[in-house]
Amino acid sequence: MSPLDPQDTATGVTADTAINEVTETGRMAPKAYDAVLLASFGGPEGQDDVLPFLRNVTRGRGIPDERLEEVSHHYRANGGISPINQQNRELKAGMEAELAARGIGLPVFWGNRNWAPYIPQTLQDIYDAGHRKVLMVTTSAYSCYSSCRQYREDIGIALTETGLDGRLEVDKVRQYFDHPGFVEPFVEGTAAGLADVRAQLAAAGTPDAPVHILFATHSIPTRDAEAAGRSDAEPRHFEEDSAYVAQHLASGTEVIRRVEAGTGDTAPWSLVYQSRSGAPHVPWLEPDINDAIEELAGQGIKGIVIVPLGFVSDHMEVVWDLDTEALETCARLGLAATRVPTPGTHRKFVGGLVDLICERTADNNIADRPHLTKLGPWYDVCRPGCCANFRGEKPTIAGADTTIGTGHDPYTAAAAAGTTAPAAGQDAP
């Protein structure tokens, strides 16, 4: 199937068929957490920050400043400021307010992988404040190396480098690609976006012109996509041979189903990718959103609804790649178009993140784990080797094959196969 083939709006392409469901083996028992860590990517907050930030993002790869300056134009064009840090300040405040409204006394700390406040210092601040059991919420909803394992590695490395391993315990919530709190803001936005594009076409005198919905997400190397959600110890099969792709297809299908059920309106849709980087000879997921728009225009499509399904909040990949490049492509081709909001600080999204926290806490435990596709609810504890790092193994937390951050016994191959009890402190029985 071509990624641009329009999906049947009645049945969709679903990742729910012939999928092994996540079972209790991936669930961790509730704990008495005493702090929450909101972990994110980070971004520059001025022109002087751009190069240092890009050095952080690409550290260890030997990329010279001259090349980094060549790719910095989207930051430079926006004053050197990525919206992501302010988005996270607002998200942190929203989570704090929601926790307080529920009478839950968990402080929220914020740490970034690539810019201040950095994760190692944040962990030290958490420890110095007297906290010992931390639950991490990341601003990445899907399964792949950069969205999950890399966060787990950054915590593992930070615990090791700060000397806090064995002194500070850090776990993470599950990937939440199909949690209602993440999906429902996209349902609202897609319905509004579809109505907006149809209104634009009506104003132009072509109310019946064909419209297409593009679900956009960050492209990743195909090798990483194929490794997403993979564990040799617990093999599973995914649509398009990738948990990353399957999760997007499943969530996109659910968005379309709910939009049609709520409004009676729908349109063909497809999954597209953006923000490709790296060496040209390395294959990445395709099609690129701009190529897709060109092809759809050639097929007679007159309206485009862009849904940033792969993103939690606005940041440079949304502001530049979608709001600038993709919408400019639509304008050049004479297409009516709009970009749907990211969840950001939508009340349902904030509430959903707090629900994810409550799933894991002893005092405020929510036994039910909402999920809208058969791929979920995803694992609390990532399976052995899941979303492999092809550059080499690093210490990680929240994985069945690591001992960093919790002091539990190693997860054995027998346990992975389900022939023995889970390691202490990891999976719930």
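Heads up: the structure comes first, above all this text.
How each quantity is defined
- Residues numbered from 1 in each chain as written.
- Predicted model: local features only at pLDDT ≥ 70, side-chain atom pairs only at ≥ 80, totals over all residues.
- Heavy atoms only, no water.
- Helix = DSSP H or I, 4+ residues; strand = E, 2+ residues; numbered from the N terminus.
- Buried < 20%, exposed > 50% of the residue type's maximum accessible area, 1.4 Å probe, protein only.
- Pairing = 2+ DSSP bridges.
- Axes fitted to C-alpha atoms, helices over the stretch in contact; angles between N-to-C directions.
- Contact = heavy atoms within 4.5 Å.
- Core = buried A, V, L, I, M, F, W, Y, C linked by side-chain atoms within 4.5 Å.
- Disulfide = S-S within 2.5 Å.
- Expected span 1.5 Å × (residues − 1).
- Polar contact = N/O pair within 3.5 Å; in protein donor to acceptor, adjacent residues only side chain to side chain.

(A) Up close: unusual backbone geometry. A cis amide bond, omega -5°, links Ala-116 with the succeeding residue Pro-117. In this structure, Pro-117 sits in the loop between strand 2 (108-112) and helix 5 (119-128). Note the cis peptide between Glu-286 and Pro-287, where omega equals 10°. Assignment of secondary structure puts Pro-287 in the loop between strand 6 (269-274) and helix 10 (289-298). Located in the positive-phi region is Glu-240, a residue other than glycine, with phi close to 60°. On the secondary structure map, Glu-240 appears in the loop between helix 8 (222-227) and helix 9 (243-263). According to the relative accessible area criterion, Glu-240 is partly exposed, its value standing at 43%.

(B) Up close: the sheet that holds strand 8 (residues 336-339). Taken in spatial order, the four strands make up an open sheet running 6-5-7-8, and their pairing is parallel. Every interior strand has two partners, whereas the edge strands, strand 6 and strand 8, have only one. If you compare each strand with its neighbour and ignore which way they point, the axes differ by 25° on average. Relative to strand 7 (residues 303-307), strand 5 (residues 211-218) runs parallel, the two being bridged by five bridges. Bridge pairing links His-212 to Ile-304 in strand 7. Sheet contacts for helix 9: strand 5 and strand 6; angle to strand 6, the most-contacted strand, approximately 135°. Against the sheet, helix 10 touches strand 5, strand 6 and strand 7, its axis set at about 165° to strand 5.

(C) Just the environment of Phe-238, in detail. Within the element layout of this structure, Phe-238 appears in the loop between helix 8 and helix 9. Separated by 10 residues in sequence, Phe-238 and Ala-228 have C-alpha atoms that sit 9.7 Å apart.

(D) Here's a closer look at the nonpolar core. Among the nonpolar cores identified, the biggest contains 71 residues, and Met-95, Phe-182, Ile-213 and Phe-215 are the most heavily contacted of them. Residue contributions to this core peak at nine residues, all from helix 9. If near-sequence neighbours (up to four positions away) are discounted, Met-95 is found in contact with Val-36, Leu-38, Val-108, Val-137, Val-350, Leu-353, Val-354 and Ile-357. The next biggest cluster of nonpolar side chains, apart from the first, holds 20 residues, and it includes Ala-35, Leu-123, Ala-158 and Ile-404.

(E) Just the state of the cysteines, in detail. Throughout the structure, instances matching the rule amount to zero disulfides. The thiol of Cys-148 is not disulfide-bonded; the next cysteine sulfur, from Cys-382, is found 3.7 Å away. For Cys-148, a relative accessible area of 4% corresponds to the buried category. Free of any disulfide, Cys-386 has its nearest neighbouring cysteine sulfur in Cys-387, separated by 3.7 Å.

(F) Representation of the sheet that holds strand 3 (residues 133-138) in the model. Strands sit in the order 2-1-3-4 across an open sheet of four strands; the sheet is parallel. Looking at the sheet topology across the chains shown, the edges are occupied by strand 2 and strand 4 (169-172). Put simply, the sheet's adjacent strands are angled 30° from each other on average, direction ignored. With five bridges connecting them, strand 1 (residues 35-40) and strand 3 associate as parallel partners. Looking at the pairing, Val-36 lines up with Leu-135 of strand 3. Strand contacts of helix 13 (residues 347-360): strand 1, strand 3 and strand 4, with the helix running at about 145° to strand 3, the strand carrying the most contacts.

(G) Here's a closer look at the pairing of strand 5. When you tally the buried positions in strand 5, you get seven out of eight residues, the bulk of the element. Sheet topology note: the strand 5/strand 6 ladder contains six bridges and is parallel. From the neighbouring strand, Ile-213 faces strand 6, where its bridge partner is Trp-269.

(H) Local environment of helix 9. With 21 residues, helix 9 extends 30 Å between its outermost C-alpha atoms, agreeing within 8% with the 30 Å of an ideal straight helix rising 1.5 Å per residue. Between the side-chain oxygen of the N-cap and the backbone nitrogen of Tyr-244 there are 3.2 Å, and the N-cap of helix 9 in question is Ser-242. Of the residues trailing helix 9, Gly-264 is marked for its positive phi of about 80°.

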